[in-house]
Amino acid sequence: MNARTLRVFAPLVVWLAASAAAAQDDEAVLDNVVVRNRLYEPGGKLELSLGVGLPLQTHLTAHYFFNVGVAYNLFNTFAVEARAGYAASRHTGLARSISESFLAREDKRVTDELEDLWEMNLHGVAGIRWAPIYGKLSLVSDLPAHFQAYVWAGGGLGSFQRNSVIQCSQVVNRTAGVCDNRTSLDDRGSASEDYWVRETRVAPMVSAAVGFRFFILDKHGLRLEVRDWVFRDNYRVNLVREDWEAGRVTGESASSPGLTHLVQFDLGYTFSF
């Protein structure tokens, strides 16, 4: 997990630790009323969920996740869960700016591809959820909100695509950085097709999350979590411009490409049977 991801997860880990300490204090003072007298006990119940994930960080790509999940609560604090979904992805403005400025650079006839350009689409993961903390928040005097704090870890497969911002197989206008069939030179939105080199693959990945599940009545719930999707990067180095513009494969795979992290804030709804 890289430094950017740690900065996102660290405050939640501290919050979880503080919540655990507060729960212990409450146990001593209030005879563990919250823990012993749970209003909601998910153990033994099947659970369906819907979720939407929004990016917490964007560099060269941005992802918007739409997921469905099914979980079975083996105990009140432990569940197994499977999730599947689709991520709508795109290049950010930074990536588009790099692609347009690169075509005109005569000093970049031999270069390397950029890291972290793979975009996730279809994906599926299975994992375990451990919820050691059960508590309640007093939103108003007569309406306490009961919740579980949890951690989640698992793995699965995803389909990925990579649209280069370096390799243009059909340069339309090198000075203006145009590599598509736009009808107006100044209007990027008028293009229906681009000529950047595109790759696809299916690859394994892992995922981890920390979050909170708020209980609403007996069957419904609201889930708030921060989730990190992690997969191995893959890109080429020592690319020769004359080769890729002629449609030839060029360069070689990077020997140590590292890992890509997609960190999301996830908002979800759960229904228990």
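Keep in mind it's a predicted model, so treat the numbers as computed, not measured.

**Digging into the pairing of strand S8 (residues 220-232)**
- Note: strand S7 (residues 196-216) against S8, 12 bridges, orientation antiparallel. Counterpart to Ala 209 in the pairing with S8 is Arg 227.
- The pairing of S8 with strand S12 (residues 259-272) spans 13 bridges and is antiparallel. Among the inter-strand pairings, Leu 224 is bridged to a residue of S12, identified as Leu 267.

**Some remarks on the state of the cysteines**
- A full pass over the atoms with the stated rule returns 1 disulfide.
- For Cys 168, the disulfide goes to Cys 179, at an S-S distance of 2.0 Å. Because the sign of the S-S torsion sets the handedness, a value of about 100 degrees for the bond joining Cys 168 and Cys 179 places this disulfide among the right-handed ones. With Cys 168 in strand S6 (residues 143-168) and Cys 179 in the loop between S6 and S7, the pair connects residues that are 11 residues apart, well separated along the chain.
- A relative accessible area of 1% means that Cys 179 is categorised as buried.

**Details of empty space enclosed by the protein**
- Taken as a whole and assessed by the stated rule, the structure comprises 2 cavities of 30 Å³ or more.
- Sort the elements by how many residues they give to the lining of the largest cavity and S7 lands first, with 3 residues.
- Of the residues that constitute the lining of the largest cavity, the class distribution is 4 nonpolar, 4 polar and 6 charged.
- Computed from the structure, the second largest cavity encloses a volume of approximately 30 Å³.
- Taken together, Gly 53, Phe 65, Asn 67, Arg 227, Trp 229, Gln 264 and Asp 266 make up the lining of the second largest cavity.
- Those elements that place two or more of their residues in the lining of the second largest cavity are strand S2 (61-73), S8 and S12.
- Here the lining of the second largest cavity is built from residues that sort into 2 nonpolar, 3 polar and 2 charged.

Conventions and cut-offs
- Residues numbered from 1 in each chain as written.
- Predicted model: local features only at pLDDT ≥ 70, side-chain atom pairs only at ≥ 80, totals over all residues.
- Heavy atoms only, no water.
- Pairing = 2+ DSSP bridges.
- Helix = DSSP H or I, 4+ residues; strand = E, 2+ residues; numbered from the N terminus.
- Disulfide = S-S within 2.5 Å.
- Buried < 20%, exposed > 50% of the residue type's maximum accessible area, 1.4 Å probe, protein only.
- 1 Å grid on protein atoms, 1.4 Å probe; cavity = no way out; pocket = protein on both sides within 12 Å on 5 of 7 lines; lining within 4 Å.
- Points joined across faces, edges and corners; volume = space filled by probe spheres on them.
- Nonpolar A, V, L, I, M, F, W, Y, C, P; charged D, E, K, R; others polar.

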